[in-house]
Amino acid sequence: MSEPSSSPSAPTETVATDNELLAPDAGQRPLGPTPSQSRFQVDIVTEAAGASDEKSPSTENSAAAPDGPGPDSGVGGEEAKGRFRVVNFADPSGAGSAASPEAAPQEGLQNGDTVMSETSLHSSTGGQHHYHYDTHTNTYYLRTFGHNTIDAVPNIDFYRQTAAPLGEKLIRPTLSELHDELDKEPFEDGFANGDELTPAEEAAAKEAAESKGVVKFGWIKGVLVRCMLNIWGVMLFIRMTWIVGQSGIALSCLIVGMATVVTTITGLSTSAIATNGFVRGGGAYYLISRSLGPEFGGSIGLIFAFANAVAVAMYVVGFAETVVELLNGAGALMTDEINDIRIIGTITVILLLGISVAGMEWEAKAQIFLLIVLITAIINYFIGSFIPLKSKEASGYFGYDASIMWENMGPDFREETFFSVFAIFFPAATGILAGANISGDLADPQMAIPKGTLLAILITGIVYLGVAVSTGSCIVRDASGNMNDTISSQFGANCTDAACKFGFDFSACRSDRSCKYGLHNDFQVMSLVSGFGPIISAGIFSATLSSALASLVSAPKVFQALCKDNIYPGLGMFAKGYGKNNEPLRGYILTFGIALAFILIAELNVIAPIISNFFLASYALINFSVFHASLANSPGWRPSFKYYNMWVSLAGAVLCCVVMFVINWSAALLTNVIVMGLYIYVSYKKPDVNWGSSTQALTYHQALTHTLHLSGVEDHIKNFRPQCLVMTGYPNSRPALLDLVHSFTKNVGLMICGHVRTGYRRPNFKDLATDQARYQRWLLKNETKAFYTPVFAEDLRQGSQYLLQAAGLGRLKPNTLVLGFKNDWRDGDMMNVETYISMIHDSFDFQFGAVILRLKEGLDVSHIQGQDEMLSSQDKSSGTKDVIVSIDTSKDSDGDSSKPSSKATSLQNSPATQKDDDDDGKATTQPLLKKDKKSPTVPLNVSDQRLLEASQQFQKKQGKGTVDVWWLFDDGGLTLLIPYLLTNKKRWKDCKIRVFIGGKINRIDHDRRAMATLLSKFRIDFSDITVLGDVNTKPKKEHVAAFEEMVEPYRLKEDNMELEAAERLKNSEPWRITDNELELYRAKTNRQIRLNELLKEHSSTANLIVMSLPLARKGAVSSALYMAWLEVLSQDLPPILLVRGNHQSVLTFYS
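Residues numbered from 1 in each chain as written. Predicted model: local features only at pLDDT ≥ 70, side-chain atom pairs only at ≥ 80, totals over all residues. Heavy atoms only, no water.

Description of the overall build of the protein
Phase 1: Counting its regular elements, the protein contains 37 helices and 16 strands.
Phase 2: Taking all 1151 residues of the protein together, 53% fall into the buried category.
Phase 3: In the protein, of all internal contacts separated by at least 6 residues, the share reaching a separation of at least 24 is 81%.
Phase 4: Of the roughly 49900 Å² that the protein leaves accessible, carbon and sulfur atoms contribute 56%. (Helix = DSSP H or I, 4+ residues; strand = E, 2+ residues; numbered from the N terminus. Buried < 20%, exposed > 50% of the residue type's maximum accessible area, 1.4 Å probe, protein only. Contact = heavy atoms within 4.5 Å. Areas by Shrake-Rupley, 256 points an atom, 1.4 Å probe, with all protein chains shown as cover.)

If you want it as structure tokens, here you go:
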């Protein structure tokens, strides 16, 4: 913030008085975006006609030098109009944090918040910020390109996920705030798309807010030092000489090279992932989980943390071995060697735990000290290798000599193989993630991890190769340590070893394997060679302790990150951190326990292969993550580290897997089983996280590719699937319709829940998008494989036409329209019936099949208050509270007045949809949110109780019953295909299909045989075929009379009025039934009445009736008559599905 000054060119120094005056109370700032902190509020304010030359006294304390070129610092005057006043926008510059926590905000400022100048939006976390302050209204104008506007320029703080350590998250002005009319209230609390904070991110925000004075490391101290110390572990001083003795110089270099190739590829992959966005704490777990998703991340995170805990044991045992050898040399063993290792190991790990618990700062200081000791020891060895001493020759050290080098060039495996030696060396290379594991404690992980890790791999690789060549060139494999083992004159001719050249013959001890010195036998041979032996011992202590310390810190940090994400619910207690650095003390105790258990094994060669496999599994997945992300081709995959290749990463992943099995195939199998077991567990649990993983990106990529590929293939009858557009309204308002259609489309065909929303005012498209997301979540939560597609339209028919034309994608388009039967058609406006019947006609015009479901109790349950927790807690992520919302939709459904005052979004109900497609003429209210526990439950009346029970009947397993198929007209086979698909499902599998067909009395047997033949060719099982020879028999008179009575109010009765008046009435009320029409279709009417009688006779106990839907010619049959046919055909029956395909074959008996 610039210093108060009357001149625009005033120096821009931050002053405490400004901060104290303008900033909110820093100590009490709420976490995350809050309305006062991060939202614009727009009001019309006045603009001065001219600039005021005078300043009020308060200006001296509060005005900032204007950024613009003009002297408009004193904008005033209440008479001018048309300016926005912008208040309540956060200052991300950290001015608030600079203020003392005790400083109270000045009362004159609105909410005690400053408003941020847009010129300062260009800088991310600091810099010079300029404000233009209106002294008359206590308002800051945002200045962009010399204009006052609330449109914000690009700024890093808009893109933050949380109140991260690097700066505060700001929320850019929403489209509504910039675009909506001013009489609307566009301001609602909430987050931008996909920016809802997960529990883990909220925790991170909390940490960030509390992170004053946190210790952060640069790339040298944080990554390079750690990686080098971890890679130069036990192996460098204790096992490297033994590896050279076993495999020779050439193969030792190959072993080091192979390990370096694996680690380098992994290092490149780690660098790519680490530079693809901000990295938080959690190291390998964080990188893998955010790349491949929680399933892989969760499984590998657990075993990686465990591997680090076991690595503590490995390094401590290495340290204890050295101490015990020193004690043994001095004759000061406490008990025996194994127990001494256990005792010293236990004491060591307790001391290391103390250093770790003291905090990262102490641990980092210890690491620097240990690195200096370690480098001194390495230099000490190389200096010593150039100073041969006579006293050391008996122990096998003769100085650099070509004959020794040549003798040691080839392998000499003793009870080992190349791969077993490789397995023992490989853990020496596993320190490459030591820096990445404390990613949360790095100042800039994106720069530090690639730089530090790759440089550490290079330096340590060179040193390992140098030690391998050096030791192999100056030390023989076997030596007795006896100065008297010189060549005697008589046996001199037979001596061929390199030692013979120097006058020593160690063949006696080599033949009976009693040599105690040399590369093969003395693990401490580097102490012998070095200039000053004790420094090597100090180096061994330094290497082992530093690696143990790094692993002891890594394991709890990784485990804490894993627990914070709540992937394994039982482990939540370990997520808690303590102190300013959020130290995972509980994790330290757990790691200590695991390490102690493995220290008691006390065998280095047993522990090493166990860790190798766990680390390799982690490396394989890091490499695979890069390959997978590159393959998915997601726009979000754009690492700033460019030196990676997806195929090299894949090769690295394969190499890691191969090495796992080479090292120890049984341990590799066990590791894979553990990883897969954890993967399956996490997949089954489905943690509620969305990290934008490459798995998600690849799924999209494959779906898009396959959808496009499918569009290029012509449909074939064999592959026909009923793809249903189901007019459900809100998906939870007609559960029976949803459940039944889902029963035969699940895993077979597409299901789209269409919802037409109408309103008297302008449509609120934002609400439409919100509802679309909410109800799609509801469908997923209820395991309904369907898509929810709402549209705004003038009326139900127009909306259904939109859906019939536009719903779906490519070949994934609906081919069947499914409606609920309109039970209340006689109670409302008959134009609604006209609309309803027109929808059926439209479906046939679009070459769709049509299906109508009727339940005698009705379908729509949305008016029942407190129905089965319709929208449950899946909305908790957006912070909405569950309340009952019950609004009479006779008012305008999209009006602002219908919004409840709570944060819960009102689920508006469309009157047209709910009335036109309704089944009982009650005033509808919108579907309910989860019932509030405190609200009183309203007892249901009998009809509502029955309706609620009927609406759930398709959720239950259907017992041994029948599905009766009345296949009266050939529509291409859809009437038969739907019941077949239905009875293939688990809930319906006990139901038998009975087929009813029309026929002549004198050909009943023939028709039955013909149908049986057809069904057997279609390979559709049936239990019975009934041929109805009496379909055309006249119905009972009372039923005909009831029909006449039903249609009476809807007749035109044109014979009783003038022609012109009749035509006028028909035009205004097109649904009316003419006398001519009624007479013309008398036979068809009688057939519907007769069929209802037959249905009651034959199928009154069926679980479901599937029947051919009667057709009415468009323009010839009025909607009232057609509705009356459907009514009389389907009344007083079990659930009935009226089906009519589009008369294209959907069944075939050809292969």
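Thoughts on the nonpolar core
Phase 1: In this structure, W232, L236, F237, F425, L433, Y464 and L616 are the most contacted members of the largest nonpolar core, which totals 139 residues.
Phase 2: Here this core gets 17 residues from one element, more than from any other, and that element is helix α10 (residues 294-329).
Phase 3: Contact partners of L616, with chain neighbours within four places excluded, come to V262, F426, C656, V659, M660 and I663.
Phase 4: One finds L819, W825, V1031 and Y1122 within the second-largest nonpolar core, a separate group that totals 59 residues. (Core = buried A, V, L, I, M, F, W, Y, C linked by side-chain atoms within 4.5 Å.)

Quick look at the sheet that holds strand β16 (residues 1136-1140)
Phase 1: Read from one edge to the other, the open sheet built from 10 strands follows the order β9-β8-β7-β10-β11-β16-β15-β12-β13-β14, with strand pairing classed as mixed. Because the sheet does not close on itself, it has two edges, and the strands there are β9 (787-792) and β14 (1024-1028). For this sheet the average axis-to-axis angle between neighbouring strands, irrespective of direction, equals 20 degrees.
Phase 2: Sheet topology places strand β12 (residues 962-966) next to strand β13 (residues 992-998); five bridges connect them, and they run parallel. Along β13, the bridge assignment pairs V963 with I993.
Phase 3: Running at roughly 170 degrees to β12, helix α31 (residues 974-983) makes contact with β10 (816-820), β11 (849-854), β12, β13, β15 (1104-1108) and β16 of the sheet.
Phase 4: Relative to β14, helix α32 (residues 1004-1017) is tilted by about 140 degrees, and along the sheet it contacts β13 and β14. (Pairing = 2+ DSSP bridges. Axes fitted to C-alpha atoms, helices over the stretch in contact; angles between N-to-C directions.)

Some remarks on a positive patch on the surface
Phase 1: Taken together, the side chains of K746, K785, K986, R987 and K989 present a region of like positive charge at the surface.
Phase 2: Structurally, K785 can be placed in the loop between α26 (765-781) and β9. (Patch = residues over 30% accessible without salt bridge, like charges linked within 9 Å, V, L, I, M, F, W, Y side chains within 5 Å. Salt bridge = Lys/Arg side-chain N within 4 Å of Asp/Glu carboxyl O. Lys, Arg positive; Asp, Glu negative; His and termini not counted. Charge placed at Lys NZ, Arg CZ, Asp CG, Glu CD.)

Focus: the pairing of β11
Phase 1: Most of β11 sits inside the fold, with six of its six residues counted as buried.
Phase 2: Side-chain alternation along β11 places G849, V851 and L853 on one buried face and A850, I852 and R854 on a second face that is also buried.
Phase 3: Here β10 runs beside β11; their pairing, made up of five bridges, is parallel. Pairing of L817 across the sheet is with A850, part of β11.
Phase 4: Crossover handedness for the path β10 to helix α28 (residues 830-845) to β11: right-handed. (Right-handed = clockwise from strand over helix to strand, strands pointing away.)

Re the packing of aromatic side chains
To describe a pair of aromatic rings, you give the distance between the ring centres and the angle between the ring planes.
Phase 1: A complete count under the given rule lists 26 aromatic pairs for this structure.
Phase 2: Arranged with centres 6.3 Å apart and planes meeting at 80 degrees, the rings of Y1122 and W1125 form a pair that is edge-to-face. Here Y1122 and its partner W1125 are both found in helix α37 (residues 1119-1130), three residues apart, which amounts to about one turn of the helix. An identical accessibility class is assigned to Y1122 and W1125; each is buried.
Phase 3: Aromatic rings pair up to connect F304, F615 and Y619 into one cluster.
Phase 4: Lying across the ring of F217, R226 places its NZ or CZ 5.6 Å from the centre. (Phe/Tyr/Trp six-rings, centres within 6.5 Å; stacked < 30°, edge-to-face > 60°. Lys NZ or Arg CZ within 6 Å of the ring centre and 35° of its normal.)

Topic: helix α22 (residues 646-663)
Phase 1: Over its 18 residues, α22 extends 26 Å from the first C-alpha to the last, a length consistent with the 26 Å expected when each residue adds 1.5 Å.
Phase 2: Of the positions making up α22, those classed as buried are M646, S649, G652, A653, C656, V659, M660 and I663. Buried residues along α22 cover an arc of 140 degrees about the axis, so they all sit on one side.
Phase 3: Measuring from the backbone nitrogen of W647 back to the side-chain oxygen at the start of α22 gives 2.7 Å, which picks out N645 as the cap. (Expected span 1.5 Å × (residues − 1). Arc of directions from axis to C-beta. Polar contact = N/O pair within 3.5 Å; in protein donor to acceptor, adjacent residues only side chain to side chain.)

Quick look at the environment of F848
Phase 1: Structurally, F848 can be placed in the loop between α28 and β11.
Phase 2: Each residue touching F848, except ones within four places of it in the same chain, is listed here: L804, P814, N815, T816, L817, S843 and N1142.

Regarding the pairing of β13
Phase 1: Counting buried residues in β13 gives five out of seven residues, a clear majority hidden from the surface.
Phase 2: In terms of handedness, the path from β12 via α31 over to β13 forms a crossover that is right-handed.
Phase 3: When β13 meets β14, the two strands line up parallel, connected through five bridges. From the neighbouring strand, G998 faces β14, where its bridge partner is L1028.
Phase 4: In the classification by handedness, the crossover that spans β13, the intervening α32 and the parallel β14 is right-handed.

Side note on a nonpolar patch on the surface
Phase 1: Together, I375, I379, I383, F386, I387, L389 and Y400 line one region of the surface with nonpolar side chains, adding up to about 650 Å² of accessible area.
Phase 2: In this fold, I387 is placed in the loop between α12 (360-385) and α13 (390-393).
Phase 3: Given a relative accessible area of 41%, I387 falls into the partly exposed group.

Description of empty space enclosed by the protein
Phase 1: Here the structure, examined in full by the defined rule, presents nine cavities of 30 Å³ or more.
Phase 2: Lining the largest cavity, in full, are I231, V256, A259, T260, T263, F425, A429, I432, I457, T460, G461 and Y464.
Phase 3: Elements supplying a minimum of two residues to the lining of the largest cavity: α8 (234-274) and α16 (445-474).
Phase 4: Residue composition of the lining of the largest cavity, grouped by class: eight nonpolar, four polar and no charged. (1 Å grid on protein atoms, 1.4 Å probe; cavity = no way out; pocket = protein on both sides within 12 Å on 5 of 7 lines; lining within 4 Å. Points joined across faces, edges and corners; volume = space filled by probe spheres on them. Nonpolar A, V, L, I, M, F, W, Y, C, P; charged D, E, K, R; others polar.)

A few points about the side chain of T784
Phase 1: Assignment of secondary structure puts T784 in the loop between α26 and β9.
Phase 2: Judged by its relative accessible area of 7%, T784 is buried.
Phase 3: Setting aside its immediate chain neighbours within four residues, T784 contacts L738, H742 and L779.

A look at the environment of Q805
Phase 1: By the secondary structure assignment, Q805 is in helix α27 (residues 796-806).
Phase 2: For Q805, a relative accessible area of 48% puts it in the partly exposed group.
Phase 3: Through-space distance from the C-alpha of Q805 to that of F846 is 7.9 Å; in sequence the pair is 41 residues apart.
Phase 4: For Q805, the residues in contact, after removing those within four places along its chain, are K813 and F846.

Here's the deal with the environment of M1107
Phase 1: Within the secondary structure layout, M1107 lies in strand β15.
Phase 2: Each C-alpha atom of the pair M1107 and S1130 lies 9.6 Å from the other, and the pair is 23 residues apart in sequence.
Phase 3: Setting aside chain neighbours within four positions, we find M1107 in contact with W966, L968, T975, L1091, L1095, L1129, I1136, L1137, L1138 and V1139.

A word on the pattern of salt bridges
Phase 1: In total, this model carries 26 salt bridges according to the counting rule given.
Phase 2: Put simply, E1127 and R854 hold a salt bridge, and the shortest N to O gap is 3.1 Å. On the criterion of sequence distance, the pair formed by E1127 in helix α37 and R854 in strand β11 is long-range, its members being 273 residues apart.
Phase 3: Taking relative accessible area as the criterion, R854 reaches 9% and is therefore assigned buried.
Phase 4: Between R1064 and E1060 there is a salt bridge; the shortest N-O distance is 3.6 Å. Remark: E1060 and R1064 occur in helix α34 (residues 1059-1068); sequence separation between them is four residues, near one turn of the helix.
Phase 5: For R1064, a relative accessible area of 53% corresponds to the exposed category.
Phase 6: Taking relative accessible area as the criterion, E1060 reaches 56% and is therefore assigned exposed.
Phase 7: Beyond isolated ion pairs, a larger network of salt bridges with shared partners links D412, R414 and D478.

Describing unusual backbone geometry
Phase 1: Of note in the backbone geometry, E415 takes a positive phi value of approximately 60 degrees without being a glycine.
Phase 2: Positionally, E415 belongs in the loop between α14 (402-407) and α15 (418-425).

Structural notes on the confidence of the model for the protein
Phase 1: Summary statistics for the protein give a mean pLDDT of 74 and a share of 75% for residues scoring 70 or more.
Phase 2: Ranking the elements of the protein by mean pLDDT puts helix α29 (residues 911-916) last with 37 and strand β7 (residues 724-727) first with 92.
Phase 3: In this model, residues 1-143 is a region of pLDDT below 50 whose contacts with residues beyond four sequence positions or in other chains number 280 contacts. (pLDDT = per-residue confidence, 0-100.)

Structural notes on the state of the cysteines
Phase 1: With the rule as written, the count across this model stands at zero disulfides.
Phase 2: Free cysteine C656: the closest other cysteine sulfur is in C657, separated by 6.8 Å. (Disulfide = S-S within 2.5 Å.)

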